[in-house]
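Take a look at the letters that make up each chain.
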Amino acid sequence: MNNDHKLVASVGADQGRISQENLEIGLFQILAPDGSYNSEAVPSLDDDAFRELYRWMLVERTFDKRMVKLQRRGQIGTFGSGRGQEASIIGSGYALKDDDWLLGMGREAGAMFLQGLPIRDLILFWRGLEDANREMAKHNQMIAISIGSHLPLVTGTAWGMKLADEDNVVTAYFGDGASSTGAVHEAVNFAGVLDVPAVFFCQNNQYAISTPFEKQTNARSVAQRAIGYGINGIRVDGNDVLAVYEAVSEARKAARAGNPTLVESVTYRRDAHTTSDDPGRYRNESEVEQWQERDPIARYESFLRSEGLWSEIDRETLVEEINDEFDAALAAADEYEQRSVDEIFEYLYDELPPYLQRQLVEFKAFLEERPDAYDHIEQRVKG
Amino acid sequence: MQETIVGAINDALHTEMATDEQVVVFGEDVAESGGVFRATDGLKDRFGGERVTDTPLSEIAIVGGAVGLAMYGYRPVAEIQFSGFLPPAFDQLVTQASRIRWRTRGEWTAPLVVRTPYGAGVNALEHHSESLEGAYGHIPGLKVVVPSTPHDAKGLLIAAIRDPDPVLFLEPKHIYRSFSGDLPEDSYEEPIGKAAVRRTGSELTVISWGAMMEPTIAAVENYGVDAEIIDLRTISPLDHKTVVESVKRTGRAMIVHEAARTGGFGSELVARINDDALMYLEAPVERVTGFDIPVPLLSMEDYYLPNPPRIEEGIRRVLDY
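Owing to the predicted nature of the structure, the values given are computational and were not obtained by experimental measurement. (Residues numbered from 1 in each chain as written. Chains lettered and ligands numbered in written order. Predicted model: local features only at pLDDT ≥ 70, side-chain atom pairs only at ≥ 80, totals over all residues. Heavy atoms only, no water.)

1. A closer look at the layout of surface pockets
Over the atoms rolls a probe the size of a water molecule, and its path tells where empty space is left. Selection rule: Buriedness of a pocket was judged along seven lines, with at least five required to meet protein on both sides within 12 Å; pockets are open sets of points on a 1 Å grid over the protein atoms alone, cavities are sets where a 1.4 Å probe fits but cannot get out, and lining residues have an atom within 4 Å of a point. Grid points are joined across faces, edges and corners, and a volume is the space filled by probe spheres set on the points. Secondary structure counts use DSSP, requiring at least four H or I residues in a row for a helix and at least two E residues in a row for a strand, with both numbered from the N terminus. We call Asp, Glu, Lys and Arg charged. Ala, Val, Leu, Ile, Met, Phe, Trp, Tyr, Cys and Pro are nonpolar, and the rest, Gly among them, are polar.
A volume near 1100 Å³ is recorded for the second largest pocket. Along the wall of the second largest pocket there are 43 residues; nearest its centre are Glu130(A), Leu348(A), Ile293(B), Pro294(B) and Val295(B). Every element with two or more residues in the lining of the second largest pocket is listed here: α5 (130-138), β2 (141-143) and α14 (342-345) of chain A together with α6 (133-137), β13 (253-260) and α11 (301-304) of chain B. A per-class count over the lining of the second largest pocket returns 21 nonpolar, 12 polar and 10 charged.

2. Considering empty space enclosed by the protein
Scanning the model with the defined rule gives four cavities of 30 Å³ or more in all. The space that makes up the largest cavity amounts to roughly 60 Å³. Partitioning the lining of the largest cavity into residue classes produces seven nonpolar, one polar and one charged.

3. What about the sheet that holds strand β11 (residues 227-231) of chain B?
All names here are of chain B. Just so we agree on the cut-off: Two strands pair under a simple rule: DSSP has to find at least two bridges between them. Note on method: axes are straight lines fitted to C-alpha atoms, helices fitted across the in-contact stretch only, with angles between N-to-C directions ranging 0 to 180 degrees. The contact criterion used is simple: two residues touch if any of their non-hydrogen atoms lie within 4.5 Å.
Pairing in this open sheet of five strands is mixed, and the strands run β9-β11-β10-β13-β14 from one edge to the other. With partners counted over all chains shown, the strands left at the sheet margins are β9 (196-199) and β14 (286-290), one partner each. Each strand of the sheet is rotated relative to its neighbour by a mean of 25 degrees, with strand direction disregarded. Where β9 and β11 come together, three bridges link them in antiparallel fashion. By the bridge assignment, Val 197 is partnered in β11 with Ile 230. Against the sheet, helix α12 (residues 308-320) touches β10 (204-208), β13 and β14, its axis set at about 160 degrees to β14.

4. Overview of the packing of aromatic side chains
Formally: Working definition: a ring pair exists when centres of Phe, Tyr or Trp rings (six-membered ring for Trp) sit within 6.5 Å. Plane angles under 30 degrees give stacked, over 60 give edge-to-face, the rest tilted. Remark: exposure states derive from per-residue accessible area (1.4 Å probe, protein chains only) relative to the maximum for the residue type, with buried under 20%, exposed over 50%, and partly exposed in between. Both a distance and an angle decide whether a charge sits over a ring: NZ of Lys or CZ of Arg must be within 6 Å of the ring centre and within 35 degrees of the ring normal.
Tallied over the entire structure, the rule returns 24 aromatic pairs over all chains. Each ring, one from Phe63(A) and one from Phe326(A), has its centre 6.0 Å from the other, and the planes form 65 degrees; the classification is edge-to-face. A residue pair is termed long-range when its members are at least 10 positions apart, and Phe63(A) in helix α1 (residues 47-72) and Phe326(A) in helix α13 (residues 315-335) qualify at 263 residues. Geometrically, the ring pair formed by Phe291(B) and Tyr304(B) is edge-to-face, given 6.5 Å between the ring centres and 80 degrees between the ring planes. Here Phe291(B) is found in the loop between β14 and α11, whereas its partner Tyr304(B) is found in helix α11, with 13 residues between them in sequence. Neither residue differs from the other here; Phe291(B) and Tyr304(B) are each classed as buried. The lysine or arginine in question, Arg294(A), covers the ring of Trp291(A), its NZ or CZ lying 4.2 Å from the ring centre.

5. Focus on unusual backbone geometry
All names here are of chain B. Looking along the chain, the bond that leaves Ser 236 and enters Pro 237 is cis, with omega of 0 degrees. For Asn 123, which is not glycine, the phi torsion reads 55 degrees and is therefore positive. As for its position among the elements, Asn 123 is in the loop between β5 (113-118) and α6.

6. Side note on the interface of chain A and chain B
Heads up, the rule is: Buried area: the sum, over both parts, of the accessible surface (1.4 Å probe) that disappears when the two are put together. Each reported salt bridge corresponds to a side-chain nitrogen of Lys or Arg within 4 Å of a carboxyl oxygen of Asp or Glu.
The interface is formed by 49 residues belonging to chain A together with 41 residues belonging to chain B. Both sides together, the interface formed by chain A and chain B hides about 3900 Å², and carbon and sulfur atoms give 59% of it. Between the two partners, chain A and chain B, sit four salt bridges. A salt bridge links Glu313(B) to Arg370(A); the nearest nitrogen and oxygen atoms lie 2.9 Å apart. For the side of chain A that touches chain B, the secondary-structure elements that each account for two or more residues are α5, α8 (213-216), α14, α15 (354-369) and α16 (371-379) of chain A. Among the elements that line the side of chain A that touches chain B, the one with the most residues is α15(A), at seven residues. Taken together, the residues of the side of chain A that touches chain B sort by class into 21 nonpolar, 16 polar and 12 charged.

All quantities given are derived from atomic positions and should not be read as evidence of function.
So this is what it looks like as structure tokens:
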């Protein structure tokens, strides 16, 4: 009898049908673009936490700005900025705990710093040093460059947490583009079947390189897909740090109870996809300006003013402090010198197999004998 | 006219789309922005959004969709933005694209092209630098093509689009723009399955392809050996004859590729030479390749790639044996 709901007969034209109109989903928002807010919906955080959220958004913005500049000077490789997405990145990151896992895609620096990753290590990552990934792993973090490929790992790690009866959760960061990949559909559906502690956090920043969201899918939202996967979803204003914090906190709680959630954080990437991209080819300036008016940091600033928390904040001093922190991190990255060819042979296997050992030994001998090979490598134009 | 490799690819697409209305181009960012490497620049403006389409980030559907279009009579040219993103669609290549003609006993065919920039050397992120031509060359029914000059890029791509069978067209992105070469303005084909002799010589045969041609030629010239240089151009089907006949003449052979060594396509070439030219060899066939590691991140990737000094050492070993 318990299975009868699966066999209820359809009668009438509307029975048994579903359309996009049935899935109209609103946007969860606490803080409106004009700075007004519903005070009852404001998350219960203490004043320090409210101020910290602001500082962390500035960290994200400063980091992105400085990294783009470093790339222009040839001091790092290709970089993907999160400018414009500060509320989405920090609101979500602030809801996570230190022993949670964060498997991301690269545009969530502030969330990684919140879990204790030093800025230096992320500079090293974008400089293309293998060791940066080891440092991330120490903080239960990983960046997957192959889009969407990490979501099955998220489901698996969360499964492990469930089997081990742990209290932590795994959060997947991915983009609206990734939500079209096969790996993502399989992973989220699988997580729903397994009841695992996973939070699927999609930053819908409107563009997958040049492809706008409406060409990415004919679905009206990413959140609505949760229904098809058999889990809950929420669509949140990604430029509202309080709403994102609240949504991810709830999703985290639900995850711990075995209910994975698909969170769609609706935001906007104001910079290029990466420093290799020219957004002028596919979007117009007026659209960017429109989103600039929804700036998450300015919006939050007006909240802090209304709450009487602004008087203790000196934005210029904060930015100066963060820039000093970045300078120190950059200096530490510049000093990072434990380099040799061994590093690219290490860690592929637990034990270096003999044939690989032989390749390494022969290569080192070659580099000794042919210093011109070094010159050839070091003189080649980078970037 | 003078063109780069990526310019030649763009030219080939324009040329063939104008010739054959059944040709359709699609992939991520190919239409509106003209491709991240500008390979599809101007196609949408000229041929319209029906024939030049931006797709969602869906590699499986892009390659599988190309198979379906081809079965239905179109000539799809799908782009996979970086070859490192092709593995999710490996299933579609192995399970479907390569077997349609075989499975349906010729009733249906899959004359599609999957184009993808491949290889290391541009300081890109992880998964942007793979060389897996050996793995794709292992799939029966799939043709695998790698041009190394603008002239060949255009002629081979046009041939690939006209080819009655599925072709994986690997574009060595390291040399997309590093030099220009003569490019005929008219439409022409370069034969798939035919290697090119880039330099004739009598002391040694050096076989390579793609982005490794340039350091190979530089090393041969710098070393001063009278080597014959063969540009394979097609991994599958292999032009076994050109390779073997050259080795029979020179008595010595060397292979240069940037892919990892174990099970790389060089292994197949050594086997073929052993099969048919063993008694002509004065020395074991030498391989200069990438190491058996993933392509390192950008700060160390140049240590991975074969370069002229490494290739010269390889030449020395074959000659001194």
